[in-house]
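This is what each chain is made of:
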Amino acid sequence: MAENEEEYCPQTRDGIQTYEALAAADFAARILAAVAEGGRRAALEHKRAGIPMAECRDGRVILIPPEEIRVPEAPAFFHP
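Residues numbered from 1 in each chain as written. Predicted model: local features only at pLDDT ≥ 70, side-chain atom pairs only at ≥ 80, totals over all residues. Heavy atoms only, no water.

Chemist: Describe in detail the overall build of the chain, supporting the description with residues and values.
Modeler: Helices and strands together make up the secondary structure of the chain, namely two helices and two strands. Ordered by position from N to C terminus, the α and β elements of the chain give α-α-β-β. Expressed as a percentage of its 80 residues, the buried residues of the chain come to 16%. Taking as baseline every contact in the chain between residues at least 6 positions apart, the subset at least 24 positions apart corresponds to 35%. (Helix = DSSP H or I, 4+ residues; strand = E, 2+ residues; numbered from the N terminus. Buried < 20%, exposed > 50% of the residue type's maximum accessible area, 1.4 Å probe, protein only. Contact = heavy atoms within 4.5 Å.)

Chemist: Quick one: what's the story with unusual backbone geometry, residue by residue and with numbers?
Modeler: Within the chain, Asp58 stands out as a residue other than glycine whose phi angle is a positive 55 degrees. Looking at where Asp58 falls in the secondary structure, it is placed in the loop between strand 1 (53-57) and strand 2 (60-64). Judged by relative accessible area, which is 81%, Asp58 ranks as exposed.

Chemist: Give me the lowdown on the pattern of salt bridges, citing residues and values where you can.
Modeler: Counted by the stated rule, this structure contains three salt bridges. The residue Arg40 makes a salt bridge to Glu37 at a minimum N-O spacing of 3.0 Å. Of this pair, Arg40 and Glu37 both sit in helix 2 (residues 19-49), three residues apart, roughly one helical turn. As a salt-bridge pair, Arg57 and Glu55 come within 2.6 Å of each other at their nearest N and O atoms. (Salt bridge = Lys/Arg side-chain N within 4 Å of Asp/Glu carboxyl O.)

Chemist: Please provide a residue-by-residue account of the environment of Ala43, values included.
Modeler: Relative to the elements of secondary structure, Ala43 occurs in helix 2. Sequence-wise, Ala43 and Ile69 are 26 residues apart; in three dimensions their C-alpha atoms are separated by 6.8 Å. Discounting chain neighbours no more than four positions away, the residues touching Ala43 are Met53, Ile69, Arg70 and Val71.

Chemist: Lay out the pairing of strand 2 in plain terms, naming residues and giving numbers.
Modeler: Looking at chain direction, strand 1 and strand 2 are connected through five bridges and run antiparallel. Residue pairing for strand 2: Met53 is matched across the bridge by Ile64. (Pairing = 2+ DSSP bridges.)

Chemist: For a nonpolar patch on the surface, give the residues involved together with the corresponding values.
Modeler: Taken together, Phe27, Ile31 and Val35 make up a surface patch of nonpolar side chains, about 310 Å² in accessible area. Take Val35: it is sitting in helix 2. (Patch = residues over 30% accessible without salt bridge, like charges linked within 9 Å, V, L, I, M, F, W, Y side chains within 5 Å. Areas by Shrake-Rupley, 256 points an atom, 1.4 Å probe, with all protein chains shown as cover.)

Spelled out as structure tokens, the structure:
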């Protein structure tokens, strides 16, 4: 543990985040980023292979032609 941990995040539960809460928020942010990155990679693979991608819109499954698939440039990042 760092010497100044008390300054960084006091271990109180009086409205201040504890180390456990910070760790849980970081874990959740990492999960969201991993799921988003998986979707980005799937879209990129479908576009490169020329395969339509299925998407749910208004409760119906539609196929998006490869030329219309939008792939985000950068991987997703979520702040905890």
